Amino acid sequence: MSMYQALYRKYRPQTFDDVVGQTAVTQTLKNQLITGRLSHAYLFTGSRGTGKTSCAKILAKAVNCLNPVDGNPCGVCAACKGIDSGSVLDVQEIDAASNNGVDNVRSIRDDAVYPPVEVKKRVYIIDEVHMLSMSAFNALLKTIEEPPEHLMFILATTELNKVPATILSRCQRFAFRRPTAQDITGRINYVAYQEGIDITPEAAELLGRLADGAFRDGLSLLDQCASAAVGTLTVESVYSTLGLAGQQQTVELMNAIASQDTTRALQLFSEIYSAGKDAAALLGELSTLARDLLIVKTAPQSGIGMISSICTGQEIMALAPKFTSEELIRMVDLLQETTGGFKTSVNQRVDGELCLIHLCQPRLSMDIKDLAARISRVEGEISDKLV
């Protein structure tokens, strides 16, 4: 019996044409491969799950492929197959998070002088390169500065600001953009179709939003929900599998806060908490919703395109007039402060309830932000009466 392979691994792109949403990067790399104008060192930057390591692997295959097709690796020659299976020792993927010492880099430097045994080019893919120690960076610099012909480095990082300028200036840099929720939803629908997973369009959209700009997270969430669902994968089954409160309950809670109905807010919190939902996840959903409302209020034209929450655009537009911007800023601060304290909390339920009481009753606090929120609401009510 073969072992189950996670969806994000099974559907990892095999050619540059398979990579979704990074056309600027993949087209340039293909052109370089076709014309033979390759660099000896590349630096791929961007947030997690955007395709950096996948592209690094495709590039490592493409430079060594025996029958490349229009800049893409063929995927079937001995070199491609060997690199895929990890049997070609001339192509190595190194995780800098766990191999960050100078000795690790020195061993790369010592090996680098020897020509490759099985393929044309020796390729080192160093993931999360910003984790290297300063002395390791210095050792790497020597090799990147004067590399032998047969050597290529592909460095990848989520934190560009931590990579020394001396390394940056010697690499060709490619920035991977964060895919939109639509990009990820499209990929989720494709994989679900291939796998025979029955998913509603709304559930696919929800997973696309929850993935928060990472293809890998989107497919991992699909994997988790599909394995738990019986029959069609719906919005409700996504909420219950992931322990989220769900859009209806989050909107209801937000409405209770808007009308300063403490009793209703505590009742809802109790129901959601008793159903086994995580208090931190619930407050996180409220915080995301408050952030979305703030964006829509401060940037009415383009704001709706920037929403990241579990709620639909219509629900957000209906909620927005019920709050002032000052109230929302105070909400986000209070929610983040409460969830930040959960790590050391003795009782998360009590902390969550206190947070909701404060959200519903700003008059309980004399904090400057609470006062600003109260004043802004009074001003709004006065101007409504004057109209």
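The structure we're discussing is the one just above.
A word on a nonpolar patch on the surface
Piece 1. On the surface, Val378, Ile382 and Leu386 cluster together to form a nonpolar patch covering roughly 310 Å² of accessible area.
Piece 2. With respect to the element layout, Ile382 can be found in helix 18 (residues 368-386).
Piece 3. Residue Ile382 is classed as partly exposed on the basis of its relative accessible area of 48%.

Focus: the sheet that holds strand 3 (residues 122-127)
Note: strands within a sheet are paired through backbone hydrogen bonds, in either parallel or antiparallel orientation.
Piece 1. Taking strand neighbours across the sheet as the criterion, the five strands line up as 2-3-4-1-5 in an open arrangement whose pairing is parallel. At either margin of the open sheet sits one strand with a lone partner, and together these are strand 2 (91-95) and strand 5 (172-175). Each strand axis lies, on average, 15 degrees off the axis of its neighbour in the sheet, ignoring direction.
Piece 2. As paired elements, strand 1 (residues 41-45) and strand 4 (residues 151-157) share five bridges and run parallel to each other. The residue bridging Leu43 from the neighbouring strand is Leu155, located in strand 4.
Piece 3. The sheet strands contacting helix 2 (residues 23-35) are strand 1 and strand 5, and the helix crosses strand 5 at an angle near 145 degrees.
Piece 4. Against the sheet, helix 6 (residues 134-145) engages strand 1, strand 3 and strand 4, with an angle of about 135 degrees to strand 4.

A word on the environment of Asp103
Piece 1. Structurally, Asp103 can be placed in helix 5 (residues 102-112).
Piece 2. Taking the C-alpha atoms as reference points, Asp103 and Leu334, separated by 231 residues in sequence, lie 46 Å from one another.

Observations regarding the pattern of salt bridges
Opposite charge on two side chains makes pairing possible when the charged atoms of those side chains draw close.
Piece 1. Scanning the model with the defined rule gives 16 salt bridges in all.
Piece 2. A salt bridge links Asp17 to Lys30, with the shortest nitrogen-to-oxygen separation between them at 2.7 Å. Residue Asp17 is located in the loop between helix 1 (7-10) and helix 2, and its partner Lys30 is located in helix 2; the two are separated by 13 residues in the primary sequence.
Piece 3. Between Glu159 and Lys162 there is a salt bridge, and its shortest N-O distance comes to 2.8 Å.
Piece 4. Judged by its relative accessible area of 47%, Lys162 is partly exposed.
Piece 5. Through salt bridges with shared partners, a single ionic network connects Asp17, Lys30 and Asp70.

Considering helix 14 (residues 279-298)
Residues three or four positions apart in an α-helix share a direction because the helix packs 3.6 residues into each turn.
Piece 1. Here helix 14 contains 20 residues, and its C-alpha end-to-end distance of 29 Å stays within 8% of the 28 Å for a straight helix at 1.5 Å per residue.
Piece 2. Along helix 14, the residues that are buried comprise Ala279, Leu282, Leu283, Glu285, Leu286, Ser287, Leu289, Ala290, Asp292, Leu293, Leu294 and Val296.
Piece 3. Next to the buried residues of helix 14 lie helix 12 (247-258), helix 13 (262-274), helix 15 (313-319), helix 16 (325-341) and helix 17 (348-360).

Regarding the packing of helix 8 (residues 181-195) against helix 10 (residues 215-228)
Piece 1. Two numbers describe how helix 8 lies on helix 10: the axes approach to 10 Å, and their chain directions differ by 40 degrees. In terms of their interaxial angle, helix 8 and helix 10 are classed as oblique. Helix 10 is crossed by helix 8, and the crossing has right-handed handedness. Residue-level inspection shows Asp183, Ile184, Arg187, Ile188, Val191 and Ala192 of helix 8 in contact with helix 10, the latter providing Phe215, Gly218, Leu219 and Leu222.

Criteria and thresholds
Residues numbered from 1 in each chain as written. Predicted model: local features only at pLDDT ≥ 70, side-chain atom pairs only at ≥ 80, totals over all residues. Heavy atoms only, no water. Patch = residues over 30% accessible without salt bridge, like charges linked within 9 Å, V, L, I, M, F, W, Y side chains within 5 Å. Areas by Shrake-Rupley, 256 points an atom, 1.4 Å probe, with all protein chains shown as cover. Salt bridge = Lys/Arg side-chain N within 4 Å of Asp/Glu carboxyl O. Helix = DSSP H or I, 4+ residues; strand = E, 2+ residues; numbered from the N terminus. Buried < 20%, exposed > 50% of the residue type's maximum accessible area, 1.4 Å probe, protein only. Pairing = 2+ DSSP bridges. Axes fitted to C-alpha atoms, helices over the stretch in contact; angles between N-to-C directions. Contact = heavy atoms within 4.5 Å. Expected span 1.5 Å × (residues − 1). Parallel < 35°, antiparallel > 145°, perpendicular 65-115°, else oblique. Left-handed = near helix turned anticlockwise from the far one by under 90°.

Scope: geometric values only; no functional claims are made or implied.
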